[in-house]
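Here's the letter readout for the chains.
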Amino acid sequence: MSKFEDLQLAKPLLRAVEERGYEIATPIQAEAIPIVMKGGDLVGCAQTGTGKTAAFALPTLHRLLTAGKRNPSEKGKRKIRTLVLAPTRELTAQIGDSFAAYGRYTKLRHVMIYGGVSQVPQVRKLQGGIDTLIATPGRLIDLIGQGHVDLSHVEMLIFDEADQMLDMGFINDLRRIESHVPAGRQTLMFSATMPAEIRKLASEWLDRPTNIQTARNSAPAEKVEQSVYFVDRRMKVQLLEKFLQNAISERTLVFSRTKHGADKLVKHLQKGKIRAAAIHGNKSQSARKRALDQFKSKSPPVLVATDVAARGLDINGVDHVVNYDLPETPETYVHRIGRTGRAGAAGNAVSFCTSDEVYQLRGIEKLTRRKIDIALDHPDLTSDVAPPATVGSGKSFRRNSPKPRPKKGKAKSGYGGAKSRSKGATTAGRPSGGAKRRRRPATSSKG
Ligand code: AMP
């Protein structure tokens, strides 16, 4: 267990950390801070909620304060010495907030730049001279192209949520940005997952990095209770409404696959007098910020989000995550449910699985190496049997197949067919969300 005061951070940083009430460094902070302070490259595989922002922000600020102080004759002409790249505007803003908080007793300056808002104030701040630039790749490329950004003095290059940047198609932008940064800089790469593409980039861009892994790649937040409802597509909205009405929840984050779907859901919930707002890429920056601020203040208590908008958001006190649509990739499921159960708190994650999503559910269970319990409440809207999985392209899904009629109170054959059925399956107690669940036999896991 490392105390912050033992990490030899510069005094102004320690003071800010203390003020935030942090005493003990999280595992990733304890490992990363000394390495980064010494100037080493680093690959950090860490889920959100592990404290990774401070793990790079604190030693970065420390180096800005202590290493290679600016030449006094260059007074007033600050050069960008640190560049942080992040996938979304929200994450950029969040990282900026951390730099502001930890750097509040220093004279260091930072600027956040992202799309969706006017570039004028961002350019004005850049012209004023800054030490740290925190940016989304698209807007940064624009501003480099217009000659507003000079990266030739960058000493530290940090990629946050690198896997998401690749998922969002930023690879070419990242390559162009990297080519503008001097080769001798220190490079840190943080990613929630480590697919081969990330490892390849790390081997190209980093110099003998230390690898840090705080949790198993696919480890979902340990304290999150997970369950699944098998539901006909047409019944999903009603199920969500019923679930939200019953859930003892202060804040629920609902994931929708599409922006349009998110908007439709919000309209539907509002009709049913459930306070809800949507957050996705088609919303203006101010609308996204407003929705997020309101959600943080518990009003509205339901936020419907697409993955891109929600990734990396630091919202504490989300007690339920609802996977209204199952994600395309199992890793995304792990990120989603990591929104709840943060900072050691208990959390609940429920998934609504239709017949064309069974394949995704299997993928999630394979990655996380556990069977997700079947939720048994709301039997009028759901089934406790996995619908037959759609085979092939998904086009053959029998949309008109009749909804299996559940026999109330009786769990029918378990998911995976009669062979995997456990006669002794227990019915778990009601979690705070109100879902009765059946514990399913564990998979033959190798680890
Ligand atoms: P992150 O993984 O960077 O998004 O951080 C997750 C949350 O943990 C944020 O709300 C941080 O403010 C908080 N946090 C970070 N480091 C610590 C720490 N050492 N002690 C307590 N909370 C922390």
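Just above sits the structure.
Section: the site of the ligand
Lining the immediate surroundings of the ligand are 15 residues, of which Tyr 22, Ile 24, Gln 29, Gly 51 and Thr 53 lie closest. For the ligand, a nitrogen atom lies 2.8 Å from a polar atom in the backbone of Ile 24. Contact between the ligand and Gln 29: a nitrogen atom at 2.7 Å from a side-chain N or O atom of the residue. In isolation the ligand has 500 Å² of accessible area, and contact with the protein removes 80% of it. Considered class by class, the residues forming the shell around the ligand number three nonpolar, eight polar and four charged. Here the shell around the ligand spans two domains, since at least three of its residues come from each of domain 1 (4–213) and domain 2 (224–400).

Some thoughts on helix H15 (residues 358–368)
For H15, the set of buried residues is Val 358, Gln 360, Leu 361, Ile 364, Glu 365 and Thr 368. Down the axis of H15, the sector holding all buried residues measures 155°, keeping them to one side. In this structure, H15 carries Tyr 359 and Lys 366 as exposed residues pointing more than 90 degrees from its buried face. Just past H15, the residue Arg 369 takes up positive phi, approximately 55°.

A closer look at a negative patch on the surface
Together, Glu 5, Asp 6, Glu 18 and Glu 23 make up a region of like negative charge exposed at the surface. For Glu 5, the position within the fold is in the segment before helix H1 (11–19).

Reading guide: rules and limits
- Residues numbered from 1 in each chain as written.
- Predicted model: local features only at pLDDT ≥ 70, side-chain atom pairs only at ≥ 80, totals over all residues.
- Heavy atoms only, no water.
- Near = heavy atom within 4 Å.
- Polar contact = N/O pair within 3.5 Å; in protein donor to acceptor, adjacent residues only side chain to side chain.
- Areas by Shrake-Rupley, 256 points an atom, 1.4 Å probe, with all protein chains shown as cover.
- Nonpolar A, V, L, I, M, F, W, Y, C, P; charged D, E, K, R; others polar.
- Domains from an automatic or database assignment.
- Buried < 20%, exposed > 50% of the residue type's maximum accessible area, 1.4 Å probe, protein only.
- Helix = DSSP H or I, 4+ residues; strand = E, 2+ residues; numbered from the N terminus.
- Arc of directions from axis to C-beta.
- Patch = residues over 30% accessible without salt bridge, like charges linked within 9 Å, V, L, I, M, F, W, Y side chains within 5 Å.
- Salt bridge = Lys/Arg side-chain N within 4 Å of Asp/Glu carboxyl O.
- Lys, Arg positive; Asp, Glu negative; His and termini not counted.
- Charge placed at Lys NZ, Arg CZ, Asp CG, Glu CD.

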